[in-house]
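Per-entry structural report
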Amino acid sequence: MPPTTFTDDDFHTLGAVFSTPHLAMKFPSPSGDILTIHCDQRLARECYMASLRPKLPIQQTNHIERPPGSRITLSGDDLDPRVGWDVRLEPVEETTPLELPNVHFIKLGTGLESEERDIITPILIGNTNLFAWSTPDLPGVDLQVASHKLSIYKKARYISQKKRKLDEERRLAAKAEADKLLSAGFIEKAHYTTWLSNVVLVKKANDMWQMCVDYTDLNKACPRDAYPLPNIDRLVDGATDNKVLSVLDAYSGYNQIPMAKSDMNKTAFIIDDANYFYRVMPFGLKNAGATYQRLMDKVFSHSIR
(Lines give C-alpha, C1' and ligand atoms only; values in the text may rest on other atoms or scores of the structure.)
Protein backbone atom coordinates (compact mmCIF):
# COMPACT_ATOMS: atom_id res chain seq x y z
CA MET A 1 0.00 0.00 0.00
CA PRO A 2 1.55 3.35 -1.00
CA PRO A 3 2.17 5.93 1.75
CA THR A 4 -0.61 8.43 2.37
CA THR A 5 0.03 12.10 3.09
CA PHE A 6 -2.29 14.03 5.41
CA THR A 7 -2.62 17.81 5.65
CA ASP A 8 -3.51 19.93 8.68
CA ASP A 9 -7.06 20.24 7.33
CA ASP A 10 -7.38 16.45 7.23
CA PHE A 11 -6.31 16.13 10.86
CA HIS A 12 -8.69 18.94 11.82
CA THR A 13 -11.55 17.13 10.10
CA LEU A 14 -10.68 13.94 11.96
CA GLY A 15 -10.66 15.83 15.26
CA ALA A 16 -7.22 14.35 15.97
CA VAL A 17 -5.27 15.12 19.14
CA PHE A 18 -1.48 14.66 19.18
CA SER A 19 0.96 13.84 21.99
CA THR A 20 4.52 14.50 20.86
CA PRO A 21 6.25 13.03 23.97
CA HIS A 22 4.29 9.79 23.51
CA LEU A 23 4.48 9.85 19.69
CA ALA A 24 0.78 9.05 19.59
CA MET A 25 -2.42 10.39 17.97
CA LYS A 26 -6.02 9.89 19.10
CA PHE A 27 -9.19 10.56 17.10
CA PRO A 28 -12.87 9.51 17.24
CA SER A 29 -14.05 6.76 14.88
CA PRO A 30 -17.40 6.89 13.01
CA SER A 31 -18.79 4.40 15.55
CA GLY A 32 -17.94 6.71 18.44
CA ASP A 33 -14.92 4.81 19.74
CA ILE A 34 -11.60 6.58 20.42
CA LEU A 35 -8.84 5.17 18.24
CA THR A 36 -5.14 5.53 19.06
CA ILE A 37 -2.23 5.35 16.62
CA HIS A 38 1.23 4.86 18.10
CA CYS A 39 4.49 5.59 16.29
CA ASP A 40 7.57 3.40 16.57
CA GLN A 41 9.50 5.26 19.27
CA ARG A 42 12.68 3.24 18.77
CA LEU A 43 12.73 3.92 15.02
CA ALA A 44 11.93 7.61 15.55
CA ARG A 45 14.81 7.91 18.02
CA GLU A 46 17.21 6.18 15.60
CA CYS A 47 16.20 8.52 12.78
CA TYR A 48 16.64 11.56 15.01
CA MET A 49 20.08 10.48 16.20
CA ALA A 50 21.14 9.65 12.64
CA SER A 51 20.19 13.17 11.55
CA LEU A 52 22.51 14.64 14.21
CA ARG A 53 25.45 12.39 13.43
CA PRO A 54 27.94 13.91 10.94
CA LYS A 55 29.35 11.69 8.23
CA LEU A 56 32.90 11.04 9.34
CA PRO A 57 35.77 9.72 7.24
CA ILE A 58 36.96 6.20 7.92
CA GLN A 59 39.55 6.19 10.70
CA GLN A 60 43.03 5.29 9.47
CA THR A 61 44.47 3.42 12.43
CA ASN A 62 46.85 1.19 10.50
CA HIS A 63 49.61 3.79 10.73
CA ILE A 64 50.19 3.44 14.49
CA GLU A 65 53.91 3.14 15.19
CA ARG A 66 54.75 0.27 17.53
CA PRO A 67 58.13 -1.22 18.38
CA PRO A 68 58.80 -4.69 16.91
CA GLY A 69 57.39 -7.46 19.09
CA SER A 70 55.38 -5.03 21.21
CA ARG A 71 52.08 -6.29 22.64
CA ILE A 72 50.80 -2.82 23.52
CA THR A 73 47.13 -2.37 22.71
CA LEU A 74 45.82 1.19 22.44
CA SER A 75 42.23 1.71 23.46
CA GLY A 76 40.00 4.60 22.44
CA ASP A 77 40.86 6.44 25.67
CA ASP A 78 44.54 6.41 24.72
CA LEU A 79 44.09 8.24 21.44
CA ASP A 80 42.68 11.64 20.57
CA PRO A 81 38.97 10.91 20.04
CA ARG A 82 38.79 13.64 17.41
CA VAL A 83 41.42 12.11 15.11
CA GLY A 84 40.06 12.17 11.57
CA TRP A 85 37.11 14.38 12.51
CA ASP A 86 37.83 16.95 9.86
CA VAL A 87 34.13 17.16 9.01
CA ARG A 88 32.29 19.85 10.95
CA LEU A 89 28.56 20.23 11.39
CA GLU A 90 27.31 22.79 8.89
CA PRO A 91 24.24 25.05 9.19
CA VAL A 92 21.09 23.55 7.66
CA GLU A 93 20.09 26.87 6.11
CA GLU A 94 21.80 29.60 4.14
CA THR A 95 23.88 32.10 6.09
CA THR A 96 25.08 35.65 5.67
CA PRO A 97 28.36 36.99 7.09
CA LEU A 98 28.42 39.58 9.86
CA GLU A 99 31.62 41.60 10.16
CA LEU A 100 32.86 42.26 13.70
CA PRO A 101 35.02 45.21 14.84
CA ASN A 102 38.16 42.99 14.82
CA VAL A 103 37.72 42.35 11.06
CA HIS A 104 36.59 38.76 11.65
CA PHE A 105 33.29 37.37 10.44
CA ILE A 106 30.60 35.18 11.95
CA LYS A 107 27.59 33.66 10.18
CA LEU A 108 23.93 34.39 10.81
CA GLY A 109 21.13 32.29 9.38
CA THR A 110 19.00 33.93 6.71
CA GLY A 111 15.93 32.51 8.42
CA LEU A 112 16.18 35.10 11.21
CA GLU A 113 13.44 37.72 11.21
CA SER A 114 14.62 41.30 10.79
CA GLU A 115 13.56 42.10 14.37
CA GLU A 116 15.56 39.14 15.70
CA ARG A 117 18.58 40.13 13.62
CA ASP A 118 18.39 43.69 14.96
CA ILE A 119 18.47 42.33 18.52
CA ILE A 120 21.25 39.77 18.02
CA THR A 121 23.65 41.89 15.92
CA PRO A 122 24.55 44.54 18.56
CA ILE A 123 24.94 41.80 21.20
CA LEU A 124 27.47 39.94 19.03
CA ILE A 125 29.35 43.12 18.13
CA GLY A 126 29.46 44.24 21.76
CA ASN A 127 30.90 40.89 22.87
CA THR A 128 33.52 40.38 20.17
CA ASN A 129 36.16 39.65 22.82
CA LEU A 130 34.31 36.45 23.78
CA PHE A 131 35.17 34.75 20.48
CA ALA A 132 38.47 32.92 19.95
CA TRP A 133 39.95 32.99 16.45
CA SER A 134 43.30 31.36 17.20
CA THR A 135 45.10 29.56 20.02
CA PRO A 136 46.54 32.77 21.57
CA ASP A 137 42.96 34.03 21.97
CA LEU A 138 42.07 31.19 24.33
CA PRO A 139 41.92 32.52 27.90
CA GLY A 140 41.85 29.09 29.52
CA VAL A 141 39.92 28.03 32.61
CA ASP A 142 40.86 29.39 36.02
CA LEU A 143 42.29 26.81 38.42
CA GLN A 144 39.62 27.80 40.94
CA VAL A 145 36.92 26.76 38.47
CA ALA A 146 38.29 23.46 37.15
CA SER A 147 41.48 21.45 36.80
CA HIS A 148 42.30 17.86 35.95
CA LYS A 149 43.72 15.74 38.75
CA LEU A 150 45.26 12.28 38.48
CA SER A 151 44.13 10.08 41.37
CA ILE A 152 46.89 7.53 41.02
CA TYR A 153 46.70 4.44 43.21
CA LYS A 154 49.05 4.79 46.19
CA LYS A 155 50.64 1.41 45.49
CA ALA A 156 51.18 2.10 41.79
CA ARG A 157 54.78 2.00 40.59
CA TYR A 158 56.20 4.68 38.32
CA ILE A 159 56.61 3.50 34.73
CA SER A 160 59.01 5.22 32.36
CA GLN A 161 58.48 3.78 28.89
CA LYS A 162 61.53 2.97 26.80
CA LYS A 163 61.84 5.34 23.87
CA ARG A 164 60.47 3.95 20.62
CA LYS A 165 62.17 4.64 17.33
CA LEU A 166 60.25 6.62 14.73
CA ASP A 167 61.04 6.82 11.04
CA GLU A 168 62.12 10.18 9.64
CA GLU A 169 58.66 11.28 8.51
CA ARG A 170 57.08 10.54 11.88
CA ARG A 171 60.02 12.03 13.77
CA LEU A 172 59.69 15.35 11.93
CA ALA A 173 55.91 15.33 12.41
CA ALA A 174 56.32 14.79 16.16
CA LYS A 175 58.89 17.59 16.37
CA ALA A 176 56.61 20.00 14.49
CA GLU A 177 53.62 19.16 16.70
CA ALA A 178 55.67 19.60 19.89
CA ASP A 179 56.92 22.99 18.67
CA LYS A 180 53.34 24.04 17.99
CA LEU A 181 52.16 22.94 21.45
CA LEU A 182 55.15 24.65 23.06
CA SER A 183 54.49 27.96 21.31
CA ALA A 184 50.83 27.77 22.38
CA GLY A 185 51.88 27.31 26.01
CA PHE A 186 50.22 23.89 26.27
CA ILE A 187 53.42 22.00 27.12
CA GLU A 188 56.71 22.67 28.86
CA LYS A 189 60.09 20.95 28.92
CA ALA A 190 60.28 18.24 31.57
CA HIS A 191 63.24 17.38 33.81
CA TYR A 192 63.64 14.49 36.30
CA THR A 193 60.51 12.68 35.18
CA THR A 194 58.85 9.80 37.03
CA TRP A 195 56.12 8.77 34.59
CA LEU A 196 57.21 8.96 30.94
CA SER A 197 55.17 7.98 27.86
CA ASN A 198 55.88 7.62 24.16
CA VAL A 199 54.13 9.47 21.38
CA VAL A 200 51.99 7.72 18.78
CA LEU A 201 51.62 9.09 15.24
CA VAL A 202 48.30 8.45 13.50
CA LYS A 203 47.63 9.25 9.84
CA LYS A 204 44.46 11.30 9.46
CA ALA A 205 42.08 11.17 6.52
CA ASN A 206 43.73 14.27 4.99
CA ASP A 207 47.17 12.53 5.02
CA MET A 208 48.38 14.75 7.86
CA TRP A 209 49.97 13.22 10.96
CA GLN A 210 48.22 13.49 14.32
CA MET A 211 50.41 13.12 17.40
CA CYS A 212 48.92 11.40 20.44
CA VAL A 213 50.53 10.20 23.65
CA ASP A 214 50.40 6.56 24.75
CA TYR A 215 49.12 6.97 28.32
CA THR A 216 48.31 3.24 28.63
CA ASP A 217 50.48 2.70 31.72
CA LEU A 218 49.41 5.92 33.42
CA ASN A 219 45.73 5.17 32.80
CA LYS A 220 46.05 1.71 34.33
CA ALA A 221 47.28 3.33 37.55
CA CYS A 222 44.21 5.58 37.84
CA PRO A 223 40.67 4.57 38.91
CA ARG A 224 37.88 5.51 36.54
CA ASP A 225 35.81 8.59 37.31
CA ALA A 226 32.22 7.44 36.71
CA TYR A 227 30.81 10.96 36.35
CA PRO A 228 27.41 10.61 34.59
CA LEU A 229 26.92 11.86 31.06
CA PRO A 230 23.89 14.08 30.41
CA ASN A 231 20.60 12.65 29.19
CA ILE A 232 20.41 13.82 25.57
CA ASP A 233 16.63 13.45 25.35
CA ARG A 234 16.17 15.64 28.42
CA LEU A 235 18.51 18.30 27.03
CA VAL A 236 16.67 18.34 23.71
CA ASP A 237 13.29 18.57 25.42
CA GLY A 238 14.61 21.41 27.60
CA ALA A 239 15.44 23.45 24.50
CA THR A 240 11.97 23.26 22.97
CA ASP A 241 10.76 26.52 24.52
CA ASN A 242 13.57 28.57 22.96
CA LYS A 243 13.05 30.45 19.71
CA VAL A 244 16.70 30.72 18.54
CA LEU A 245 19.34 27.98 18.23
CA SER A 246 23.00 28.99 18.51
CA VAL A 247 25.73 26.56 17.52
CA LEU A 248 29.09 27.07 19.27
CA ASP A 249 32.22 25.05 18.57
CA ALA A 250 34.17 24.43 21.78
CA TYR A 251 37.50 24.96 20.04
CA SER A 252 40.33 23.09 21.75
CA GLY A 253 38.09 22.54 24.78
CA TYR A 254 40.29 20.02 26.56
CA ASN A 255 43.37 22.23 26.23
CA GLN A 256 41.67 25.10 28.06
CA ILE A 257 41.41 23.06 31.28
CA PRO A 258 44.65 23.24 33.31
CA MET A 259 46.32 20.21 34.82
CA ALA A 260 46.68 20.20 38.58
CA LYS A 261 50.19 21.49 39.31
CA SER A 262 51.08 18.37 41.28
CA ASP A 263 50.19 16.15 38.31
CA MET A 264 51.68 18.09 35.39
CA ASN A 265 55.00 16.25 35.46
CA LYS A 266 53.21 12.87 35.31
CA THR A 267 51.93 13.64 31.80
CA ALA A 268 55.51 13.74 30.48
CA PHE A 269 56.18 12.32 27.01
CA ILE A 270 59.34 11.75 25.05
CA ILE A 271 60.38 12.70 21.52
CA ASP A 272 63.81 12.84 19.90
CA ASP A 273 64.97 16.26 21.10
CA ALA A 274 63.48 16.52 24.61
CA ASN A 275 60.92 15.42 27.19
CA TYR A 276 57.81 17.55 27.69
CA PHE A 277 54.85 17.61 30.06
CA TYR A 278 51.38 19.07 29.60
CA ARG A 279 50.37 22.22 31.45
CA VAL A 280 46.79 21.67 30.22
CA MET A 281 44.61 18.58 30.05
CA PRO A 282 45.62 16.46 27.04
CA PHE A 283 43.60 13.93 25.10
CA GLY A 284 44.22 10.33 26.07
CA LEU A 285 43.94 10.50 29.86
CA LYS A 286 41.38 8.08 31.24
CA ASN A 287 39.15 10.60 33.04
CA ALA A 288 39.59 13.62 30.78
CA GLY A 289 36.05 13.26 29.43
CA ALA A 290 34.58 13.25 32.94
CA THR A 291 36.49 16.40 33.88
CA TYR A 292 35.31 18.15 30.72
CA GLN A 293 31.67 17.13 31.29
CA ARG A 294 31.84 18.29 34.91
CA LEU A 295 33.03 21.70 33.72
CA MET A 296 30.28 21.94 31.08
CA ASP A 297 27.63 21.11 33.70
CA LYS A 298 29.03 23.89 35.89
CA VAL A 299 29.16 26.44 33.06
CA PHE A 300 25.64 25.71 31.82
CA SER A 301 24.06 24.96 35.20
CA HIS A 302 21.61 27.84 34.74
CA SER A 303 20.46 26.45 31.38
CA ILE A 304 20.39 22.69 31.98
CA ARG A 305 17.04 21.53 33.35
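Being a predicted model, the structure only gives us computed values, none of them experimental.

1. Regarding the side chain of Thr-291
- With respect to the element layout, Thr-291 can be found in helix H7 (residues 288–299).
- Once residues within four sequence positions are removed from consideration, Thr-291 is found in contact with Ser-147, His-148, Ile-257 and Met-281.

2. Brief notes about the sheet that holds strand E8 (residues 209–213)
- Strand order in the open sheet made by the 5 strands is E6-E10-E9-E7-E8, with mixed pairing throughout. Taken across any chain shown, the strands that pair with only one partner, and hence form the sheet edges, are strand E6 (187–189) and E8.
- Alignment of strand E9 (residues 269–270) against strand E10 (residues 275–278), held across 2 bridges, turns out to be antiparallel. Note that in E10 the partner of Phe-269 across the bridge is Tyr-276.
- The strands touched by helix H4 (residues 168–183) are E6, strand E7 (197–203), E8 and E10; relative to E8, the strand with the most contacts, the crossing angle is about 70 degrees.

3. What about the confidence of the model for the protein?
- Per-residue confidence for the protein gives a mean pLDDT of 80; residues scoring 70 or more make up 81%.
- For residues 56–68, every residue scores under 50 in pLDDT, and the model assigns this stretch 27 contacts once sequence neighbours within four places are set aside.
- Low confidence marks residues 70–86, where pLDDT is under 50. Its contacts with residues over four positions away, or in another chain, come to 46 contacts.

4. Remarks on the side chain of Ser-197
- Looking at where Ser-197 falls in the secondary structure, it is placed in strand E7.
- There is a polar contact of 3.4 Å between the side chain of Ser-197 and the backbone oxygen of Asp-214.
- Once residues lying within four places of it in the same chain are set aside, the contact partners of Ser-197 are Gln-161, Val-213, Asp-214, Tyr-215, Ala-268, Phe-269 and Ile-270.

5. Here's the deal with H4
- Between its first and last C-alpha atoms H4 spans 23 Å; for 16 residues at 1.5 Å apiece the expected length is 22 Å, and the two agree.
- Taken together, the buried positions of H4 are occupied by Arg-170, Ala-173, Ala-174, Glu-177, Ala-178 and Leu-181. One side of H4 carries all its buried residues, which in axial view fall inside an arc of 135 degrees. Projecting away from the buried face of H4 at angles above 90 degrees are the exposed residues Lys-180 and Ser-183.
- Residues of H4 that are buried in the fold lie against E6, E7, E8 and E10.
- Two or three places before Glu-169, at the opening of H4, Asp-167 has a side-chain oxygen 3.2 Å from that residue's backbone nitrogen.
- The positive-phi residue at the C-terminal boundary of H4 is Gly-185, with phi of around 80 degrees.

Conventions adopted
- Residues numbered from 1 in each chain as written.
- Predicted model: local features only at pLDDT ≥ 70, side-chain atom pairs only at ≥ 80, totals over all residues.
- Heavy atoms only, no water.
- Helix = DSSP H or I, 4+ residues; strand = E, 2+ residues; numbered from the N terminus.
- Contact = heavy atoms within 4.5 Å.
- Pairing = 2+ DSSP bridges.
- Axes fitted to C-alpha atoms, helices over the stretch in contact; angles between N-to-C directions.
- pLDDT = per-residue confidence, 0-100.
- Polar contact = N/O pair within 3.5 Å; in protein donor to acceptor, adjacent residues only side chain to side chain.
- Expected span 1.5 Å × (residues − 1).
- Buried < 20%, exposed > 50% of the residue type's maximum accessible area, 1.4 Å probe, protein only.
- Arc of directions from axis to C-beta.

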